[in-house]
Every structure is written in C-alpha cells, then in structure tokens.
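Examination of the molecular architecture
This is what each chain is made of:
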Amino acid sequence: MKLDPKIPSGPLEKKWEKHIMEGKLVNPANKRKYDIIMVGSGLAGASAAATLGELGYKVKCFTFHDSPRRAHSIAAQGGINAAKNYQNDGDSVYRLFYDTIKGGDFRSREANVYRLAQVSVNIIDQCAAQGVPFAREYGGLLANRSFGGAQVSRTFYARGQTGQQLLLGAYSALSRQVGLGTVELCANEEMLEVVVIDGHAKGIITRNLNTGAITRHSAHAVVLGTGGYGNVFNLSTYARNSNVTAAWRAHRKGAAFANPCYTQIHPTCIPVSGDYQSKLTLMSESLRNDGRIWVPKKRDDKRPPHQIPEDERDYYLERKYPSFGNLAPRDISSRSAKEACDDGRGVGETGLGVYLDFSDAIKRLGADTIKERYGNLFDIYKEITDESAYDVPMRIYPAVHYTMGGLWVDYNLMSNLPGLFVMGEANFSDHGANRLGASALMQGLADGYFVLPYTIPHYLAELDRDGAPSTDDAEFVKAEEEVKARTEKLLSNKGKQSVKSFHVRLGKIMWDHCGMARTKEGLEKAIKLIPELREEYWADVRVPGEGKELNQSLENAGRVGDFLELGELMCRDALTREESCGGHFREEHQYPDGEAMRDDEKFAHVAAWEYKGEGQEPVRHTEELEYESVKFATRSYK
Amino acid sequence: MNVKLRVWRQKNNETEGRFENYEAKDLNPNMSFLEMMDVVNEDLTDSGDEPIAFAHDCREGICGTCSCMIDGKPHGPEHGVATCQTYMRSFKDGDTITVEPFRAKAFPIVKDLVTDRASFDKIQQAGGFITIRTGAAPDANSIPIGKEIADLAMDAAACIGCGACVAACKNASAMLFVSAKAGQLNLLPQGKPEKDRRVLSMVAAMDEAGFGNCTNQYECSAACPKLISEEFISKLNRDFVGATVRSSFKAKPLV
Ligand SMILES: Cc1cc2nc3c(=O)[nH]c(=O)nc-3n(C[C@H](O)[C@H](O)[C@H](O)COP(=O)(O)OP(=O)(O)OC[C@H]3O[C@@H](n4cnc5c(N)ncnc54)[C@H](O)[C@@H]3O)c2cc1C
Ligand code: SF4
Ligand code: FES
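This is a predicted model, so every value here is computed, not measured.

Digging into the overall build of chain B
- Check the secondary structure of chain B and you find 8 helices and 7 strands.
- Expressed as lengths along the three principal axes of its C-alpha atoms, the size of chain B is roughly 75 × 40 × 35 Å.
- Contacts in chain B between residues at least 24 apart in sequence constitute 68% of all its contacts with a sequence separation of at least 6.
- Accessible area for chain B stands at about 10,700 Å²; split by element, carbon and sulfur atoms hold 52% of it.

Re the overall build of chain A
- Helix and strand counts for chain A stand at 17 helices and 21 strands.
- Structurally, chain A occupies a C-alpha span of about 75 × 60 × 50 Å along its principal axes.
- By the burial criterion, 65% of the 638 residues in chain A qualify as buried.
- Summarising the internal contacts of chain A: among those between residues at least 6 apart in sequence, 73% fall at separations of at least 24.
- Total accessible area on chain A stands at roughly 22,500 Å², and carbon and sulfur atoms take up 49% of it.
- Positive and negative side-chain charges of chain A, numbering 81 and 87 respectively, have mean locations separated by a distance of 1 Å.

Considerations on the site of ligand 1
Residue and element names in this part refer to chain A.
- Neighbouring ligand 1 are 36 residues, the closest being His65, Ser73, Gly78, Met191 and Glu425.
- Within the backbone of Leu43, a nitrogen or oxygen atom sits 3.1 Å from an oxygen atom of ligand 1.
- At 3.3 Å, a backbone N or O of Phe64 approaches a nitrogen atom of ligand 1.
- Protein contacts shield 98% of the accessible area of ligand 1, which totals 1,000 Å² for the unbound molecule.
- Elements represented by at least two residues in the shell around ligand 1 include exactly helix H3 (43-55), strand S6 (189-197), strand S15 (394-403) and helix H12 (440-460).
- The residue makeup of the shell around ligand 1, split by class, is 15 nonpolar, 17 polar and 4 charged.

Points about helix H13 (residues 474-492) of chain A
Residues and elements named next belong to chain A.
- With 19 residues, H13 should cover 27 Å at 1.5 Å per step; its first-to-last C-alpha distance of 26 Å lies within 8% of that length.
- Taken together, the buried positions of H13 are Phe476, Ala479, Glu480, Val483, Arg486, Thr487, Leu490 and Leu491. Down the axis of H13, the buried side of the element spans an arc of 135°, and every buried residue falls inside it. Of the exposed residues in H13, the ones pointing more than 90 degrees away from its buried face are Ala474 and Glu481.
- If you check the start of H13, you find a side-chain oxygen 2.8 Å away from the backbone N of Glu475, and it comes from Asp473.

Some thoughts on the domain arrangement of chain B
Residue and element names in this part refer to chain B.
- Partitioning chain B into structural domains gives domain 1 (3-110) and domain 2 (117-248).
- The centre of domain 1, based on its C-alpha atoms, is set 29 Å off from the matching centre of domain 2.
- At the junction of the two partners, domain 1 supplies 21 residues and domain 2 supplies 21 residues.
- Across the contact surface, domain 1 and domain 2 share 0 salt bridges.
- Among the residues making up the side of domain 1 that touches domain 2, the classes are represented as 12 nonpolar, 7 polar and 2 charged.

Describing the site of ligand 2
All names here are of chain B.
- Of all residues adjacent to ligand 2, which total 13 residues, the nearest are Cys159, Cys162, Gly163, Cys165 and Cys224.
- Of all the elements in the fold, those that place two or more residues in the shell around ligand 2 are helix H4 (164-168) and helix H5 (175-187).
- The residue makeup of the shell around ligand 2, split by class, is 11 nonpolar, 2 polar and no charged.

Topic: the interface of chain B and chain A
- At the interface, 76 residues of chain B touch 71 residues of chain A.
- If you sort the residues of chain B by the area they bury against chain A, Asp57, Thr134 and Met154 of chain B come out on top, with a joint share of 11%.
- Counting every contact that joins chain B to chain A gives 8 salt bridges.
- A salt bridge links Lys84 of chain A to Asp139 of chain B, with the shortest nitrogen-to-oxygen separation between them at 3.0 Å.
- The interface formed by chain B and chain A holds 43 residue pairs in polar contact (both at pLDDT 80 or more) in total.
- Mapped onto the side of chain B that touches chain A, the elements with two or more residues apiece are helix H1 (33-46), strand S6 (109-111), helix H2 (118-127), helix H3 (147-157) and H5 of chain B.
- Ranked by residue count, the leading element in the side of chain B that touches chain A is H3 of chain B, at 8 residues.

Quick notes on the sheet that holds strand S2 (residues 18-24) of chain B
Residue and element names in this part refer to chain B.
- Pairing within the open sheet is mixed, and its 5 strands lie in the order S2-S1-S5-S3-S4. Of all strands in the sheet, those with a lone pairing partner are S2 and strand S4 (73-74), marking the two edges.
- In this structure, strand S1 (residues 3-9) lies alongside strand S5 (residues 96-101), joined through 4 bridges in parallel fashion. Considered in S5, the bridge of Arg6 is made with Thr98.

Looking at unusual backbone geometry
- Even without a glycine there, the phi angle at Asp105 of chain A is positive, about 55°.
- Examined against the element boundaries, Asp105 of chain A turns out to sit in the loop between helix H4 (93-103) and helix H5 (110-130).

Quick look at the environment of Lys602 of chain A
Residue and element names in this part refer to chain A.
- If you trace the backbone, Lys602 turns up in helix H17 (residues 600-603).
- The exposed category is assigned to Lys602, whose relative accessible area is 59%.
- A sequence separation of 386 residues divides Lys602 from Arg216, and the C-alpha atoms of the two residues are 44 Å apart.

Some remarks on the pattern of salt bridges
All names here are of chain A.
- For the structure shown, the criterion picks out 79 salt bridges over all chains.
- The salt bridge partner of Lys6 is Asp410, with a shortest N-O separation of 3.4 Å. In this pair, Lys6 is assigned in the segment before helix H1 (15-22) and Asp410 in the loop between strand S16 (406-407) and strand S17 (420-422), connecting sequence segments 404 residues apart.
- Residues Glu482 and Lys253 are paired through a salt bridge, measuring 3.8 Å at the closest nitrogen-oxygen approach.

Section: the sheet that holds S16 of chain A
All names here are of chain A.
- Read across the sheet, 4 strands follow the order S16-S10-S20-S21 without closing on themselves; strand pairing throughout is antiparallel. The sheet is open, and its two edges are formed by S16 and strand S21 (619-624), each paired on a single side.
- Across 6 bridges, strand S20 (residues 605-610) lies against S21 in antiparallel orientation. The residue bridging His605 from the neighbouring strand is Glu624, located in S21.
- This element, helix H16 (residues 552-576), spans strand S10 (257-258), S20 and S21 of the sheet and lies at about 145° to S20.

Topic: the confidence of the model for chain B
- Residue-level pLDDT values for chain B average 96, and 98% of them are 70 or greater.
- In the predicted complex, the global pTM is 0.97; the interface-specific ipTM is 0.97.

Some thoughts on the packing of aromatic side chains
Residues and elements named next belong to chain A.
- For the coordinates displayed, the defined rule picks out 28 aromatic pairs over all chains.
- Here a set of aromatic residues connected by ring pairs shows up, and it is made of Phe358, Tyr374, Phe378 and Tyr390.
- When the ring centre of Tyr411 is taken as reference, the NZ or CZ atom of Arg115 above it lies at 4.1 Å.
- For Arg313, the ring lying beneath its charged end belongs to Trp294, and the centroid distance is 4.0 Å.

Some points on the nonpolar core
- Met38, Ile80, Leu420, Leu452, Leu460 and Tyr537 of chain A are the most contacted members of the largest nonpolar core, which has 220 residues in total.
- Setting aside its immediate chain neighbours within four residues, Ile80 of chain A contacts Ile123, Ile124, Phe134, Arg154, Thr155, Phe156, Thr162, Leu166, Ala438, Leu441, Met442 and Leu445 of chain A.
- Core analysis: the second largest hydrophobic core is formed by 28 residues, Tyr276 of chain A together with Met37, Leu44 and Cys68 of chain B among them.

Quick look at the pairing of strand S11 (residues 263-269) of chain A
Residues and elements named next belong to chain A.
- Within S11, 7 of the 7 residues are buried, leaving the element largely enclosed by the surrounding structure.
- Where S11 lies against S15, 5 bridges are found, and the strand directions are antiparallel. Bridge pairing in S15 places Ile265 opposite Val400.

Details of H1 of chain A
All names here are of chain A.
- Among the residues making up H1, those that are buried are Lys15, Trp16 and His19. Taken around the axis of H1, the buried residues stretch over an arc of 95°, which confines them to a single face. In H1, the exposed positions angled more than 90 degrees off the buried face are occupied by Glu17 and Met21.

Reading guide: rules and limits
- Residues numbered from 1 in each chain as written.
- Chains lettered and ligands numbered in written order.
- Predicted model: local features only at pLDDT ≥ 70, side-chain atom pairs only at ≥ 80, totals over all residues.
- Heavy atoms only, no water.
- Helix = DSSP H or I, 4+ residues; strand = E, 2+ residues; numbered from the N terminus.
- Contact = heavy atoms within 4.5 Å.
- Areas by Shrake-Rupley, 256 points an atom, 1.4 Å probe, with all protein chains shown as cover.
- Buried < 20%, exposed > 50% of the residue type's maximum accessible area, 1.4 Å probe, protein only.
- Lys, Arg positive; Asp, Glu negative; His and termini not counted.
- Charge placed at Lys NZ, Arg CZ, Asp CG, Glu CD.
- Near = heavy atom within 4 Å.
- Polar contact = N/O pair within 3.5 Å; in protein donor to acceptor, adjacent residues only side chain to side chain.
- Nonpolar A, V, L, I, M, F, W, Y, C, P; charged D, E, K, R; others polar.
- Expected span 1.5 Å × (residues − 1).
- Arc of directions from axis to C-beta.
- Domains from an automatic or database assignment.
- Salt bridge = Lys/Arg side-chain N within 4 Å of Asp/Glu carboxyl O.
- Buried area = accessible area lost by both parts, 1.4 Å probe.
- Pairing = 2+ DSSP bridges.
- Axes fitted to C-alpha atoms, helices over the stretch in contact; angles between N-to-C directions.
- pLDDT = per-residue confidence, 0-100.
- Phe/Tyr/Trp six-rings, centres within 6.5 Å; stacked < 30°, edge-to-face > 60°.
- Lys NZ or Arg CZ within 6 Å of the ring centre and 35° of its normal.
- Core = buried A, V, L, I, M, F, W, Y, C linked by side-chain atoms within 4.5 Å.

Structure below.
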C-alpha cells in the first residue's frame, strides 16, 4: 500500500497557495458533466455539497437523517476557533497552527494543520455573511472567548449552540442549491457500500430507511463527511445514531484507517445513572474555571458531601498539578478521575463520579455571579439529575467525546483509494493524538468550504470525461448483492439476543480495555474477546421486523456489526503504539510521576491500517511525520 | 415506578393505525422518557414482537428529531423542553401515558411515532437563506450588528425544526417555524436585500406543502421546546404585507 501524503514543496506558509496555483482546473462548461456523491450533511458534508453545487458540479447529497439539519454537528456547544486576532491579544495563523500541533502531541501533519489555520479566518467571514448569529459586543463587533486552556481569545460562539448555528448556516446554503437544482438531496438514505471499479471509487449502494429500497448510485468521485466513531463505546456524548458504517465499508474496500486508537475522552460529563442509560451529556468545560474537583480521601466513603470535612477531601488535580489545578487539560483530568474511582473513592450511587464543587466559588463570588456565569449549565444539570448544583456539588465523570482517528487522506483529502475523499471528523488528518476545544467545527467547515472544492478538481481533471460508470456494471451488481445478503442474514437470523445487548457488551470491553488508560494485557484480552463477541453476534442476534419498511433494529444491527470489527482494530492500533500520546495513554509508558511518555524516535508517524479480509490480520503501514517548522517539546502542566 | 402506556402503532402510511397497551415496570424516575421507551422496546424484542418506532438522535434537545405527542401535548408535560428532555419523574407511579405521533397533513406518518417532516426542508429551500457565494464574503467585522439585534436574531435562530408548533396548532399551521427562520434572516443587515423575496417564497412554499392558516391562537409558542416567541409571527405578517405591496409596484425595466 502506498501512502503518499502529497505535501507540496516550498515554505510552509506558501504551500497551499502554490498548490492551488499549480493544480488543474475543470473548465466551467464541463463541471456539469461531473457527478459527485457527497455522503453526509454535517458541517463538512453540507458545506462541501453547497459549494460544489454552486461551482456547477452535479452533486447528490446523502444523509441517513430525515433532514440535513439533524446531523450530529448540530449538538456542538462551545465554539469555533479562528485566527482572526480581533482581540489584538497576539493571535496569528502561526500561533493557531502551533497550538494545534502541540495540543495534538506532535502527531499531526504540519502542512495540513497550517492550511487549516490559514483558512480559519475565511470561515468566520463566510458564516457571518450567511446570517449566523454569532455573539457580539455592544459596539456590534464579534465577541470571542478563550476556550480549552488557550492563551488567546480566538473562539467565536453563538450562545451555547455554536454547532447548531454553523450547521444551520451550511444547511441554508445547501438548501439554496437544492432549490436551484444543482444538488439533489437524498435524505433517509444510508450508504451501506462503496463501489470500486478499476481501482477507483465510483459509486455507492444505499438503503432508504423509510422504504427499505436498496439503490445503486454512480459518480466520478465519492466524498465522505460521515462523522466520528465514538459510539463504538456505546455510551458517549455523540448522538445515538452516529456510526462508523460509511467509513468502515470504505475501509473494507481498500481505504486505509489511520490512528483508530486516538479517542478523546471529555472530563466533564454527567455520570451514568443506571444500566438503562442511553446517552452521556457533556457539561461545558468552562465549569472548571470556578468549580473544584475532589473525592473523599477514604475509600467507600458513603457520607453525603457536606458531611465530609475539608481535611478528609482530596482535591486531586490541585494536589498533582499545582500550577494548572482544576484547569489541567482534558486527557489529564479524565485520567485522574478514573484513577480516583478505580481506587474506590468515586462518588454517587455507582461510584463512577467525582465532585465538581462550587461552594467555595459561591462563598467568594456570591450565588448571583455563579448563576450569571453558569446558570444555563446548572439548569441542564438539574433537568437531568434533579439536583441543584447550588446546594450540592455536581457529580461528573469522563465520557467518550471525539475520535481523532479516521480514514487516511493525503493533502488533497483523498484517501489511498483514488476517487474517495474524506472530510471532517471522518478523516484523521489535523488533530494528531488530541483535539483542541473548538477545533472540530473549524476543521469540518475548512474542509467543506475551502479545501475540498479546490482539491477535487485536481482529480476530476485527470479523468476522461465520459459519464460516470453505468450502474449495470458488474461491480455495482456485486456490491448491491452484498448489501442485500447482509440485510437478509440479519433479518433471518432469528437469534435470541437484541442488537442493543451486544452494543452494550462491546462498549464495556472497549471502555475497560481501550478507554482512558490502556495496557498490553488489557488490549490483548480485548483482541480475544471482541472476535468472540462478533461470532456470537452473527450466530445469535435477533432483528425483529421486515426489511421493506422503517426498521430501526435493522439499521442498528448493521451499524453494530461494523463497530464489532472496528473495535478490534482500535485495540490492535493501541497495542502496537508503544508510547503514550494525547488521548492514547499506555500505562507502561509513563514517567514516574504518572505523566504520558511519548516516543518520538519510534512513533512520530501515522499508523494506517490495511484491511485484508474477514478473519485476516490487518496490516499496519506508516507515514512518517516530518516537522520542518516546529520542534518536538514535552507538554507539561505542573 | 410503574406506568401503563397507550401507544399509537401504525405499520406505514397506507395502513390504519391503532392504540396498543403496554406496561413499563421498575422504572427509575431519573430515566428519560425515551430511555423508558428503550426499555419497553427491549422487552418487546425479547418477547419476539416488533419494537415501537420512534424518532430520536441527539437526546439533548437540539437536533429536533424526537417528536412525540405525550398525553396530547407535543413533547410532553414540561414547558420549554423536547421529548428527549422529558424525565419519568414528571409522571406519577401508576399513570397511564398516551403516546402518539405529531399529527398534521403536511407530516405524513412513516411508521408508529415517526413522521415525515420533509415539508420543512422544502420551505427552507424556497427562501430560508442568504445568497452568498462561498469565498465571496467581506471581513466578518466589516458589518457591525448591534448586540440587541444580534441577540434577537439568535432567539429566532434557536428553532430546532421539530414541528411541535404544527402539531400543537388546530390548523396545523407552520407560521411559528417560518417566522423564526425568516425573522432571523430579515433582522440582520446581511439578510435585508432579499427580505421581500424570502418572505413571499417561504410563505408560498408553506401553503403549497399543505400547512394550514394561522388564526392567532398561539398554541405553537406554548408547545415550542425553544419557546420561540409568537411576536415573530406578527413580524412575519408585517413583513409579508409590506412585501406584497412592494411586489405589486415592481420597478419596470427602463425603456
Ligand atoms: C456534545 C458535543 C459537543 C461538541 N462541541 C464542540 C465544540 O464546541 N466545538 C468544536 O469544534 N467541536 C465540538 N464537537 C465536535 C464536533 O461537533 C464534531 O466533530 C463535528 O461536528 C463533526 O462534523 P462532521 O461534519 O464531520 O460530521 P457529522 O456532523 O457527524 O455529520 C455526519 C453526517 O454523515 C451522515 N452519515 C453518516 N454515515 C452515513 C451513512 N452511512 N450514510 C448516509 N449518511 C451518513 C449523517 O447523516 C450526517 O449527515 C462536539 C461534539 C459533541 C459530541
Ligand atoms: S418554532 Fe419551536 S416548535 Fe416550531 S419547529 Fe421551531 S423549535 Fe419546533
Ligand atoms: S432527540 Fe434531538 S431534540 Fe430530542
């Protein structure tokens, strides 16, 4: 397998401009002759579909949601970064670039990240022009906040609904193109297979979720903007229906899966309350500005929090990281919470929680100030737990939040499977081993509005301009048969256990062995357990209902089937990455004080996995990461 | 706690639907309404029956997918929340809870509690946008917008496109939804040039999709999970009258 990142030559600052200049263009009169399939209508998919439609290509945009506006991007809260330097606090393209590389623990590709920082400024202009109601100052200019420990204020936001507003902006641009007839919207259509002809991605097979109809679609290029795969853990902050199927099906057809083990676990989420739990809700990180995190010093201390005297409390982040204290980065805070709970000092009914206590802040600043700062968050907390954080400390616990890994792409966002492009959270490229807060929205829109529309013509212009292949081609027929066979198999299986029960069990294996802290033994165990569970799944899963109508059990069955394969690959990736970096922490690789130990000698590379067939071991390939502009440094938050 | 459920079951849009009774036992009052439905569905699956189809995704009140009528109210008994933000502690032990789909001509039933709300997308495609080419935008700070206007636009933009306003309205009117989108864009300086065209096209698309007329009862606002204000409807009415008048005096091409 060849992994050529196709990074343009020349100085870092000039690469993108040079690349655009040197790239081939598609003659405007010919654009209509190119069909592009866009799978996904989140920030990445909607922005790209709208832009390509506007440029004149013939676009079909697929989403399994009933409307593009419901993509998971809608749920992002905090904000979007951009190097505008509107606050005059010393931000710049270079600083955003450097922060992203460092935050990613030196495991991302320099040229991609630099380009991301460069186009970030255009995103804000574009969104403001679309009518995105960003927060503003009294003078009418855009407001910013500092986010995720950044030392400059570069985060733009729209109340606590930034993702919603940005997605609705992209959705309105997409809707306009649908109205104009340049983009055909295919909602309720789930892509279940990629079609590859002569080594190029040339189409997809979809199932209509409402009617069960299975259809072939052909095109000159296929683009995936299908989101992240955090739901492999079952419980996460993702929307329930987010899944890996599109990316996984492409992987099985030859696209390399890069760094699958890089998972971000967010420290401040509402803990699990019972085994019926379906979803974990994120509480904004900003709470850590005023809340103090603690657990009892004694194990199994069942006293209510106010009865535990000050000297019997362990403010463990303040103790371990005196200079950053409660503001220690996401991965460190998450891991410390897990350690405390593993030590038997967790709180709440399940023992999987730590206190986030505002009583000192309320004493110091008054309840009104706290209400002003966090009122809406306290309301959400109350709505879910029925507890008032003004009176008792909040209980929080880390939860799976984002996946940095994804399909491998080159500088053009094309995977190693020619003609298959991947954007947004579904690709691996920009965040290395850890993503900074407010940078996923930035990347999704950068890819969709400002990168793909410039790079896809390079590929299209090289093709001969005959129409897209006929859907009668043998490869289409075969792919459709595969989809039908799989669907039929699930429906006729008539086993005894529900799809959900398997998802829960897989999630537990992943959380226990491939979660916040990973060990060789644990991962090896998981690599044994997951194939067993997969076998049991295909032998004993029960999928009620029929295929020719809406059947949510069937939808989930396909998705869980793919998670059962992905989970194993994640564990293999975590096992072979013998170092700790960003969201990937191997207990064997830490400094005596418990800090993550990177190994830049051996692991300053991307691991991209090649699929070799069912029951075959996948093959690990590497792309070396060459840093021309930055030097490796160790993160320290003491 | 235990509750009894009367749930609307309907195989598809061509067949008749009916209520079926179920029991949900040993519930934790802190589980969400949809988690209770998950439990019922697991039981149905285990006993060889077909689970109840219901729409959901984010489960935190932002995607607008969930859409049940609970005891006759869109999104259930609590004010200002979506179905997925409704918790079992809002009900009493032993209650019988009636669960139905949103009902409106423009939202045909797909199955059980799931309806097709593509008509909202159609309205959006007709005019719910500002025409701006990608890459052609001026610097974001070149057009200052007063904080009050920006905040008001954000109030309108908070709509999650769920359709509860339609379900709550006896005429199945979509005026609150349309007025929220049009209101947001019409308030902002960027949206002014297309204001008239937007209002006329969106209202025409709404009529065409089969939504009813607004008779100013404002059940919509009361049922809206984002508490979108009915004042946006008044604003839309004013904008509509203005746009209609102006469109009849269209500038003639110069000869
Ligand atoms: C609770 C929460 C808060 C967050 N807050 C922030 C924040 O403040 N700032 C930030 O920068 N990031 C944040 N993130 C991360 C960010 O929201 C996501 O990474 C980003 O929105 C992903 O966008 P996307 O376009 O790649 O994918 P998505 O928005 O997930 O869209 C995926 C699309 O693909 C479609 N799709 C998927 N598979 C198929 C298939 N097989 N067939 C057809 N269609 C398919 C879906 O229907 C959907 O349209 C947050 C994430 C969470 C969970
Ligand atoms: S106005 Fe309110 S009720 Fe109507 S679609 Fe929007 S959020 Fe839902
Ligand atoms: S499931 Fe998203 S709003 Fe209820």
